[in-house]
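Residue-level structure breakdown
So you can see what is in the structure, the chains are spelled out below.
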Amino acid sequence: MCSSGVMDAKAVQTLNLPGLTRPEKLLTRTGCSFTRTTKPEKLRMTRRRMVLACSYNNVPASILESEGHKFPLEEELILKNRSQQIQPYLNGRCVYVVGMMGSGKTTVGKIMSQALSYSFCDCDTLIEEEVDGHSVADIFKLYGESFFRDKETEALNKLSLMHKLVISTGGGAVVRPINWKYMHKGVSVWLDVPVEALAKRIAAVGTGSRPLLHDEAGDAYTAALMRLSALFEERGEFYANANARVSLENIAIKLGRRDASDLSPTDIAIEALEQIGNFLKAEDGGYAR
Ligand SMILES: Nc1ncnc2c1ncn2[C@@H]1O[C@H](COP(=O)(O)OP(=O)(O)OP(=O)(O)O)[C@@H](O)[C@H]1O
Ligand SMILES: O=C(O)C1=C[C@@H](O)[C@@H](O)[C@H](O)C1
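By the naming in an unreviewed UniProt entry, the protein goes by shikimate kinase and is assigned to Trifolium subterraneum. One UniProt comment on the protein, placed under Sequence similarities (unreviewed entry), says "Belongs to the shikimate kinase family." A UniProt comment under Pathway (unreviewed entry) is attached to the protein, and it reads "Metabolic intermediate biosynthesis; chorismate biosynthesis; chorismate from D-erythrose 4-phosphate and phosphoenolpyruvate: step 5/7."

What follows covers the site of ligand 2. Neighbouring residues of ligand 2: Met101, Asp124, Val136, Phe148, Arg149, Gly170, Gly171, Gly172, Pro211, Leu212 and Arg235. Between ligand 2 and aspartate 124 there is a distance of 2.6 Å, counted from an oxygen atom to a side-chain nitrogen or oxygen. Here an oxygen atom of ligand 2 and a backbone polar atom of glycine 172 are 3.4 Å apart. Contact with the protein chains removes 95% of the 310 Å² of surface that ligand 2 exposes when unbound. In terms of residue class, the shell around ligand 2 is made up of five nonpolar, three polar and three charged.

Bringing helix α4 (residues 105–116) into the picture now. Look at α4: 16 Å from first C-alpha to last across 12 residues, which is about the 16 Å you get at 1.5 Å a residue. Along α4, the residues that are buried comprise Lys105, Val108, Gly109, Ile111, Met112, Ser113, Ala115 and Leu116. Those residues of α4 hidden inside the fold are in contact with α3 (73–90), β4 (95–98), β5 (119–122), β6 (165–168), β7 (187–192) and α12 (265–283). Just downstream of α4 lies serine 117, where phi reads positive at about 55 degrees.

Conventions adopted
- Residues numbered from 1 in each chain as written.
- Chains lettered and ligands numbered in written order.
- Predicted model: local features only at pLDDT ≥ 70, side-chain atom pairs only at ≥ 80, totals over all residues.
- Heavy atoms only, no water.
- UniProt positions renumbered as here; feature names shortened; annotations may be inferred.
- Near = heavy atom within 4 Å.
- Polar contact = N/O pair within 3.5 Å; in protein donor to acceptor, adjacent residues only side chain to side chain.
- Areas by Shrake-Rupley, 256 points an atom, 1.4 Å probe, with all protein chains shown as cover.
- Nonpolar A, V, L, I, M, F, W, Y, C, P; charged D, E, K, R; others polar.
- Helix = DSSP H or I, 4+ residues; strand = E, 2+ residues; numbered from the N terminus.
- Expected span 1.5 Å × (residues − 1).
- Buried < 20%, exposed > 50% of the residue type's maximum accessible area, 1.4 Å probe, protein only.
- Contact = heavy atoms within 4.5 Å.

As structure tokens, this is what we get:
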């Protein structure tokens, strides 16, 4: 049976897991329901085979990440506290992180997934899995952008049937209205990062994996800035469809930092959880239940 209870459990994977992994830990690790093959009392000390029944028919458990990162205690407490406040209102719904290329959807999304005890899923990685392991850049090259966009819509459709995932979406996923129909099954949060900060990050790591930024002339920063500015001009209004907005400029002001480039991914994850909380509060009539 699926954790969501909304679909068939077709993808069943047999994994070897350390016996010290408790069932509730397993649920956090995979976002999947599970079937035990041993009695509960035997689970504790020995290495056991567990059959994991993924709650999504075509999402391989291997791409659902829930690796732990260590945070300073104070940050960890704030993250946990924010998460606990919103969890009853989130009620297992997925969190979709939207934003421009390089906005930190993956980096910040992973921190949020850990805080919420959700699994993390990168939509681009899921598409790559579905297209024979080709990278996004190769999919664009081999099949063109519209093929990629169709795969992206299919992936979001599938993900919309799942629960307890933080999903990092592709930067362009916001443009198609049908994608919003799927993303609005969960709660969406927009990481609104100034293009100058995006260009700085992307110039540092290169554009290899970001085909829409290829072929720009000039130095890496200026080229990225020009292209990102044009893309943001086209897309700004679509990102604003998200349920919650996290403005890095606003966080920098609130925390007394120099600018958006002076914020850690954890600062941003904390604010994202707060903004999601504000949305859920409004949705729930001020947590009036
Ligand atoms: N707060 C931050 N400060 C500095 N660098 C950051 C921050 N957040 C993310 N980065 C860096 O920016 C780059 C892009 O981040 P990330 O891959 O998380 O973004 P993304 O939105 O998932 O990108 P894409 O959609 O293009 O895959 C990475 O090199 C990451 O380490
Ligand atoms: O902004 C975009 O349109 C894209 C962003 C990436 O995440 C990939 O989804 C792809 O490179 C397209």
